[in-house]
Every structure is written in C-alpha cells, then in structure tokens.
Amino acid sequence: MAMAVIWTVMVGASILCGLATGRGEAVAAAALDGAGAGVELCLTMAGALCLWMGVMEVMRRSGLARGLSRLLRPVLRRLYPDFARDGAVMDAVSANVSANLLGLGNAATPLGLEAARLMAKRSPGVASDSLCMLVVCNTASIQLIPATVASLRAAAGCATPFDILPAVWLASALSVTAGVLAAKLMARVWR
C-alpha cells in the first residue's frame, strides 16, 4: 500500500513538474516510451524465465531435484535442526534452495512460502529460529546461475550476460554467510 502511494506521488510530481516547465509533451512521450520498454522487457524476461522454469520441471520429473535435495540435506539439517526429520519441510526447503541456486527468485518464492507454512504449523503465531533462518537464507539466496539477472542483462542488450558470475558467486557466498552467522548469533542471544 505504501509503495502505491509513493509511486503515485512520484508520477504526479513528475507530471506537474513537466507541465510547469512547459515540457508536457516530453513527459507524455517518455511515459509512452517507458510503457513500451516495460512490455518489451517483460516479454523478453518471460522467455528466459520459462526456459529456467522448464529446466526446474525437467529436473523434478527426472529425479535430479530429488538428488540435489539429498545432496543438500546434510547442510540443511544443520541449518534447520528442528525440522531435520520432517521430510515434507526438508523437501520444500530443498526445492526452495534449488530454485535459488538457479537464480529463479520467481520460482523460489512460492516454494519458500510453502516451507514457511509447513514450519509455522509447529509454532503458530511465533517465528521459530528455523523459520527466521529460512527467511534469511531465502533473502540472501546463494546463486550458482543468476538466470533472472542474466535475462535482464540480455534484454538490455548485453552480449555476455553471464560474465557477472564471479561477482555473483562472491556476493552470494558473503551474504549467505553473514546472514546465517547473524541468525545463529541472534538465536543464541535472544534466548
């Protein structure tokens, strides 16, 4: 709601400033150009996201997702010890982490919400340490393949959209490490 108000105020102020300075036609032209560019960007990104969502579905159907889940389980059991024996929660968390590893924030969100819903059943009304850790890990999201960012770069005309991989890997590793350490520290201090 607050963002709707902020955007409305910004658009209104832009229109008023354009009219006050005699540049109403330029404001209207910029608005139309921006709308066209927004639609073009959405269509370009939709293609790339469909590709990666398809890859995730192929991984799920072929059993690769389950294999990745088994591979991630030792790490996830340490991060979420309260749910280490709960297969449904660990499967949802594993799927969420897998989508984040592929840089599919749009796919990771519903998977993360499902994991959070399952976790919240144990302690309704209170965010457990594991639920807080899920939020931290989902927000920091370590990425191996930044598919969404690469599709944005490709849509903007970048010839090598994946040349950002080393920076993404470093930033992802640092953010997840800092987030996990902070969540573990706060879990101990808060008690």
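Enquirer: Please explain the side chain of N96 as it appears in this structure.
Expert: One can find N96 in helix α4 (residues 87-101). What makes N96 buried here is its relative accessible area of 2%. Within the local environment of N96, its side chain forms a polar contact with the side chain of N138, the two groups lying 3.2 Å apart. Ignoring any residue separated from it by four or fewer positions in sequence, one finds N96 in contact with A108, L111, G112, L134 and N138.

Enquirer: What's the story with helix α1 (residues 2-20) in this structure? I'm lost.
Expert: Along an α-helix, a turn takes 3.6 residues, which lines up residues three or four apart on a common side. The end-to-end C-alpha distance of α1 is 27 Å, a good match for the 27 Å that 19 residues give at a rise of 1.5 Å each. Once α1 ends, the next one or two residues include G22, with phi positive near 80°.

Enquirer: What is the right way to read a nonpolar patch on the surface from this model?
Expert: There is a patch of nonpolar side chains on the surface, built from M3, I6, W7 and M10 and spanning about 430 Å² of accessible area. Looking at the element boundaries, W7 is found in helix α1.

Enquirer: Just to check I follow, could you spell out the pattern of salt bridges for this structure?
Expert: Between side chains of opposite charge, pairing is possible as soon as their charged atoms come close. Under the definition given, this model contains four salt bridges. Between R73 and D91 there is a salt bridge, with the nearest N and O atoms lying 2.6 Å from each other. Taken together, the residues R73 in helix α3 (residues 64-79) and D91 in helix α4 connect sequence positions 18 residues apart. Among the residues examined, R73 registers a relative accessible area of 18% and is labelled buried. Using a relative accessible area of 34% as the deciding quantity, one classes D91 as partly exposed. Across the salt bridge formed by D163 and R153, the nearest N and O atoms sit 2.5 Å from each other. Of this pair, D163 sits in the loop between α7 (147-155) and α8 (165-190) while R153 sits in helix α7, and the two are ten residues apart along the sequence. Its relative accessible area of 47% is what places D163 among the partly exposed residues. Given the relative accessible area of 23%, R153 is considered partly exposed.

What counts and what doesn't
Residues numbered from 1 in each chain as written. Predicted model: local features only at pLDDT ≥ 70, side-chain atom pairs only at ≥ 80, totals over all residues. Heavy atoms only, no water. Helix = DSSP H or I, 4+ residues; strand = E, 2+ residues; numbered from the N terminus. Buried < 20%, exposed > 50% of the residue type's maximum accessible area, 1.4 Å probe, protein only. Polar contact = N/O pair within 3.5 Å; in protein donor to acceptor, adjacent residues only side chain to side chain. Contact = heavy atoms within 4.5 Å. Expected span 1.5 Å × (residues − 1). Patch = residues over 30% accessible without salt bridge, like charges linked within 9 Å, V, L, I, M, F, W, Y side chains within 5 Å. Areas by Shrake-Rupley, 256 points an atom, 1.4 Å probe, with all protein chains shown as cover. Salt bridge = Lys/Arg side-chain N within 4 Å of Asp/Glu carboxyl O.

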